[in-house]
Each structure stands twice: as structure tokens, then as C-alpha cells.
Amino acid sequence: MTPHISAKKGDFAKLVLMPGDPLRAKYIADNYLKNVKLVSSVRNVLMYTGEYNGKKVSVCASGMGVASIGIYSYELFNFYGVEAIVRIGSAGSFKAELKNYDLVLANDAYGENVAFRDALLRNKDTIAKPSKKLNELIEKNAKKLNKKLNIGRVMSEEAFYSDKSIEERLKNSGNAICVEMESYGLFSVAERLNKQAACLLTISDNLITKEYTTSEERQNSFNGMMELALSLVEYY
């Protein structure tokens with residue numbers, strides 16, 4: 001047990017899929033996994049372990065923001081023997097052509113919370129990178145499953161409600177293709193602990209065309225992303 005996770009050692013798989021929303025974790029467990037067990041529910045942050053295609057896999061919610069995913073990913077990596085975490089979340093598109101339900105694979109993340117990274121790594125880099133190996137596996141399986149990936153920089157924003165213009169956000173981030181709130185934290189933790197991390201996103205909102213999805217659609221309809229992430233069980 002840790003301060004934030006009530007599971008026992010051995011309760012988690014080597015591979016963890018990490019949505020932000022606890023109900024999305026429950027949706028995946030209910031609809032994709034067999035022999036499922038709820039292994040932790042502290043603060044209603046739901047964490048499940050089950051089987052997909054006969055292989056053990058865990059699905060754990062992260063909550064919202066760098067601080068939240070930083071806690072859960074650190075404890076999973078450091079205390080429970082998890083080797084790889086794939087964030088599976090929603091993102092807002094900065095490109096008119098990057099439409100709702102399109103898939104994005106982060107090749108790096110621009111983060112505003114340099115204090116978080118400095119606390120972990122003693123550096124204040126604004127760019128954090130995913131694991132090359134894990135990204136390559138995701139790209140490989142995307143081709144096998146005939147799923148189109150949009151690969152680019154993502155922006156991990158600190159404030160969901162921001163007065164910054166899109167132009168300012170694009171300039172600061174080095175032309176990120178979309179915005180979310182967690183990957184910079186996850187990548188920094190994985191780097192600190194020498195683990196694997198990746199971020200696979202579904203566009204839920206287009207900040208240029210003003211097209212939006214509902215909370216229910218975000219919870220239940222990101223199946224392409226879920227199936228691609230789950231396909232990684234063959235490597236773990």
C-alpha cells in the first residue's frame with residue numbers, strides 16, 4: 001500500500017493504461033477485460049487489473065493535471081513494479097484539420113510546470129519526452145490495426161481556463177498540435193525512474209472550429225484509442 005493506492009504488491013500488471021477519468025477506467029474494465037478485479041479505489045480513483053487477449057493488463061485513472069498523474073505514476077512505477085504506462089486521454093486540437101475522434105501520439109510534451117520537473121530531475125526543461133521504444137510499438141500496432149496516428153508535440157497546460165490566445169499558446173509551446181494536461185508530468189516521472197511512458201490521445205474538442213464532444217461521449221466513445229492501447233499487451 002501507498003498513501004494513494006490501496007492495492008497489494010502483485011495486483012498490477014507490467015503494463016498500465018491510464019485514462020484521466022475514473023469512469024473511463026471502469027468503462028474499459030467492463031467492456032474489454034476479463035477476470036477483472038478492482039484493486040484500488042482510494043478517493044474514487046478507480047484502478048482495475050484483468051486480462052485482454054489472455055494477457056494481464058491494468059487500467060488506472062490518473063485524475064486531472066500534472067500533480068495528480070505525477071503521484072499515481074510515481075507510486076505505480078516505484079512501489080508496484082509497473083514497467084510501462086500509456087496515458088490514454090482527451091485533447092483539444094490546435095489545428096482545423098485535426099478533428100474530433102482523431103488519434104494523436106505525442107512525440108514530446110511542452111510543459112508549463114517546470115517546478116514539477118525540477119523537483120524530480122533537478123532541471124527546468126520545458127520539453128519532456130516519451131519512451132522511444134513504447135512509441136515505436138504504438139506506431140507498429142497502429143499500422144497493423146489500420147488506425148491513423150497524428151504524431152506531434154502536445155502541450156500540457158496548467159490552467160484549463162486560460163486567458164492566453166491560441167496564437168500565444170502555439171508560440172510558447174513551439175507549435176504543439178493539441179493541448180492536454182498530463183503528459184509532461186508522466187514523461188518526467190518515467191525519466192526519473194527509468195521506466196517507459198507514452199501518451200495516446202483522442203481529440204475531443206477543436207479549438208479552431210469550435211466543435212466539441214460531450215462528457216458522455218468522451219467517457220464511452222474513444223474506442224479506437226482504447227483498442228490500440230490494449231493491443232500493447234502482447235509485448236508485456
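Residues numbered from 1 in each chain as written. Predicted model: local features only at pLDDT ≥ 70, side-chain atom pairs only at ≥ 80, totals over all residues. Heavy atoms only, no water.

## Some remarks on the environment of lysine 148
Next up, step 1: Position of lysine 148 among the secondary structure elements: in the loop between helix H4 (132-144) and strand S8 (149-156).
Next up, step 2: Judged by relative accessible area, lysine 148 falls into the exposed class, the value being 65%.
Next up, step 3: The spatial distance from the C-alpha of lysine 148 to the C-alpha of serine 93 is 16 Å, given a sequence separation of 55 residues. (Helix = DSSP H or I, 4+ residues; strand = E, 2+ residues; numbered from the N terminus. Buried < 20%, exposed > 50% of the residue type's maximum accessible area, 1.4 Å probe, protein only.)

## Notes on the packing of aromatic side chains
Next up, step 1: Counting across every chain of the model gives three aromatic pairs.
Next up, step 2: Here the aromatic rings of tyrosine 101 and phenylalanine 222 are separated by 6.1 Å at their centres, their planes lie at 80°, and the arrangement is edge-to-face. With a gap of 121 residues between them, tyrosine 101 in the loop between strand S5 (84-93) and strand S6 (103-111) and phenylalanine 222 in the loop between helix H7 (215-220) and helix H8 (223-230) connect regions that are remote in the sequence.
Next up, step 3: Assessed through its relative accessible area of 1%, phenylalanine 222 is described here as buried. (Phe/Tyr/Trp six-rings, centres within 6.5 Å; stacked < 30°, edge-to-face > 60°.)

## Some thoughts on the packing of helix H2 (residues 66-80) against helix H6 (residues 183-193)
Axis angle and axis distance: for two packed helices, these are the angle between their axes and the distance between the axes, and together they describe the pair.
Next up, step 1: Close contact between H2 and H6 brings their axes to 8 Å; oriented N to C, the two are set at 30°. Considering their axes alone, H2 and H6 lie roughly parallel with respect to each other. In this structure, H2 crosses over H6, and the sense of that crossing is right-handed. Facing H2, whose interface residues are Val66, Ile69, Gly70, Ser73, Tyr74, Phe77 and Asn78, H6 presents Gly185, Leu186, Val189, Ala190 and Leu193.
Next up, step 2: Looking at the contact of H2 with H6 residue by residue, the classes come out as eight nonpolar, four polar and no charged. (Axes fitted to C-alpha atoms, helices over the stretch in contact; angles between N-to-C directions. Parallel < 35°, antiparallel > 145°, perpendicular 65-115°, else oblique. Left-handed = near helix turned anticlockwise from the far one by under 90°. Contact = heavy atoms within 4.5 Å. Nonpolar A, V, L, I, M, F, W, Y, C, P; charged D, E, K, R; others polar.)

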